[in-house]
Amino acid sequence: MLRPPPKHCRNCGTAVEMRLPDDGDTKLRAVCPACHTVHYENPLNVVGTVPVWGDTGQYVLLCKRNIEPRWGKWTLPAGFMELGETTAEGAARETTEEAGAQFEMGEIFTLMNVARVGQVHVYYRARLLSDQFDPGHETIEARLFTEDQIPWDDIAFRTVKETLEHYFADRRAGRFGFHAFDIA
């Protein structure tokens, strides 16, 4: 479900009108009749990591959510990207905030378009430098799992589950690729 369009102009507070802008745009937009600001609604970026531990990356760090949505479910450390940061910086920040992990960032691993909710999810591989964690307030518990130990039925989001499935498939194949796909 997409976010509803704004009801009031973010610049002057006037109630907006849903109409085609005067600049030739072909989509209905929230347009302010007073200051003529066109309010474009863009996707939100979710960024995170697949933090791994062990000589062969056999352990993956998961966080048990202490916030809604999906309180009590397991996820990779991730969250919304902030203005002024790159996707990698946001993924690193979220990993620090949610897991309190010490890690080294790796390469981008998955990019998933979740158009039905207006989001793009990006995950990077990360190598843990310690198996000690200090989770923040959004996390009940941060814990390492092997593939067989992962609570697959208690994974919070489909994007996390698919990222984990790609990680373990690539690990078995002995090479890691970049995976870009759409989530319906």
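See the structure shown above.
Residues numbered from 1 in each chain as written. Predicted model: local features only at pLDDT ≥ 70, side-chain atom pairs only at ≥ 80, totals over all residues. Heavy atoms only, no water.

Undergrad: Honestly, the environment of Val-38 in this entry has me stumped. Any pointers?
TA: You can see Val-38 is positioned in strand 3 (residues 38–39). Taking the C-alpha atoms as reference, Val-38 lies 51 Å from Thr-56; in sequence the two are 18 residues apart. The contact partners of Val-38, leaving out residues within four places of it in the chain, are Pro-21, Arg-29, Ala-30 and Val-31. (Helix = DSSP H or I, 4+ residues; strand = E, 2+ residues; numbered from the N terminus. Contact = heavy atoms within 4.5 Å.)

Undergrad: Can you walk me through the pattern of salt bridges in this structure?
TA: Think of it this way: side chains of opposite charge can pair up when their charged atoms draw near. Taken as a whole and assessed by the stated rule, the structure comprises 13 salt bridges. Close ionic contact of Glu-85 with Arg-93 constitutes a salt bridge, the shortest N to O distance being 2.7 Å. Assessed through its relative accessible area of 15%, Glu-85 is described here as buried. Between Glu-141 and Arg-143 there is a salt bridge, with the nearest N and O atoms lying 3.8 Å from each other. Relative accessible area serves as the criterion here: at 28%, Glu-141 is assigned to the partly exposed category. Classification of Arg-143 by relative accessible area gives partly exposed; the value is 38%. (Salt bridge = Lys/Arg side-chain N within 4 Å of Asp/Glu carboxyl O. Buried < 20%, exposed > 50% of the residue type's maximum accessible area, 1.4 Å probe, protein only.)

Undergrad: Even after reading the chapter, I still don't get the sheet that holds strand 3, so can you show me in this structure?
TA: One open sheet holds the three strands; their spatial order is 1-2-3, and the pairing between them is antiparallel. Each edge of the sheet is formed by a strand with only one pairing partner; in this case those strands are strand 1 (17–19) and strand 3. In terms of strand pairing, strand 2 (residues 29–31) meets strand 3 through two bridges, oriented antiparallel. What sits directly across from Val-31, in strand 3, is Val-38. (Pairing = 2+ DSSP bridges.)

Undergrad: Quick question: what am I supposed to make of the nonpolar core here?
TA: Nonpolar side chains tend to gather and get buried jointly when the protein is soluble and globular. Core analysis: the largest hydrophobic core is formed by 22 residues, its most contacted members being Val-50, Val-60, Leu-62, Leu-76 and Leu-164. The set of elements that each furnish at least two residues to this core consists of strand 4 (44–53), strand 5 (59–65), strand 8 (103–114) and helix 2 (158–173). Broken down by element, this core gets its largest block of residues, four residues, from helix 2. With residues up to four places along the chain from it excluded, the contact list for Leu-76 reads Thr-49, Val-50, Pro-51, Val-60, Leu-61, Leu-62, Glu-98, Tyr-123, Val-160, Thr-163 and Leu-164. (Core = buried A, V, L, I, M, F, W, Y, C linked by side-chain atoms within 4.5 Å.)

Undergrad: Please explain a nonpolar patch on the surface as it appears in this structure.
TA: Taken together, the side chains of Met-18, Leu-20 and Leu-28 define a hydrophobic patch exposed on the protein surface, amounting to about 310 Å² of accessible area. Secondary-structure assignment places Leu-28 in the loop between strand 1 and strand 2. For Leu-28, a relative accessible area of 59% translates into the label exposed. (Patch = residues over 30% accessible without salt bridge, like charges linked within 9 Å, V, L, I, M, F, W, Y side chains within 5 Å. Areas by Shrake-Rupley, 256 points an atom, 1.4 Å probe, with all protein chains shown as cover.)

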